[in-house]
Amino acid sequence: MKSIDKLKTNDKKILFRKIGEEFGIYGKYKNLDVSIEFEFTKRGIKESVNKQKNNYDIFVKMLSCFESVVNNAIGIEVHNRNSENYKTDITLKNCYVLVSAFVDDVMIYPVKLEIKEFVDKPNKLYLAITGDGIKKTRSLQKGLPIVMALPNLLARLS
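The structure contained in this document is the topic of the report that follows. Because the structure is a prediction, the values reported are computed rather than measured. (Residues numbered from 1 in each chain as written. Predicted model: local features only at pLDDT ≥ 70, side-chain atom pairs only at ≥ 80, totals over all residues. Heavy atoms only, no water.)

**A few points about the environment of His79**
Looking at the element boundaries, His79 is found in strand β3 (residues 74–79). Note on His79: relative accessible area 17%, which makes it buried. Each C-alpha atom, one on His79 and one on Cys95, is 5.2 Å from the other, the two residues being 16 residues apart in sequence. (Helix = DSSP H or I, 4+ residues; strand = E, 2+ residues; numbered from the N terminus. Buried < 20%, exposed > 50% of the residue type's maximum accessible area, 1.4 Å probe, protein only.)

**Regarding helix α1 (residues 9–23)**
With 15 residues, α1 extends 21 Å from end C-alpha to end C-alpha; this agrees with the ideal 21 Å at 1.5 Å per step. Looking at α1, one finds that the buried residues are Lys12, Lys13, Phe16, Ile19 and Gly20. Each buried residue of α1 sits inside an arc of 130 degrees when the element is viewed along its axis, so together they form one side. Of the residues in α1, the exposed ones pointing more than 90 degrees away from the buried face are Lys18 and Glu22. Those residues of α1 that are buried are in contact with α2 (42–52) and α3 (56–63). (Expected span 1.5 Å × (residues − 1). Arc of directions from axis to C-beta. Contact = heavy atoms within 4.5 Å.)

**Observations regarding the packing of α1 against α2**
At their nearest, the axes of α1 and α2 sit 9 Å apart, and the two run at 135 degrees to each other. As the angle between them shows, α1 and α2 are arranged oblique. The hand of the α1/α2 crossing is right-handed. Contact residues: Thr9, Lys12, Lys13, Phe16, Arg17 and Glu21 in α1; Lys42, Ile45, Lys46, Val49 and Asn50 in α2. Tallied by class, residues from the contact of α1 with α2 come to three nonpolar, two polar and six charged. (Axes fitted to C-alpha atoms, helices over the stretch in contact; angles between N-to-C directions. Parallel < 35°, antiparallel > 145°, perpendicular 65-115°, else oblique. Left-handed = near helix turned anticlockwise from the far one by under 90°. Nonpolar A, V, L, I, M, F, W, Y, C, P; charged D, E, K, R; others polar.)

Just distances and angles here, no functional claims.
Encoded structure:
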């Protein structure tokens, strides 16, 4: 999968949209830490891939356990980017930042999720792999979100 890095940006977006279709990840979601319903769309994966910049092979792995990553994410911040330092969007009510993770055979990968809550349109989810991963030190089920290990993971990333 390392060859994904060699694809042109538009080809990456097309590839990931198709992978998203295969995994059935497009649709509406809820999370216990966020009191709103939000959706992940083909446009959402396009923007997420555009911001990813690297680790595309890990991003594909994350898509295989996408629902668990989203459902088990933990909220860490709520803010509104309508300030002097950000582009203003008067329809944006809040941004919710959550953190999750998933595991493969040898590594734990942190995932940052951002949910944009809007006043007059559906709420949107965007996400990114936030690092190369951390070598796991105990046996965890592959693909399993590691909510119980998140405090330790966060401490190691900061």
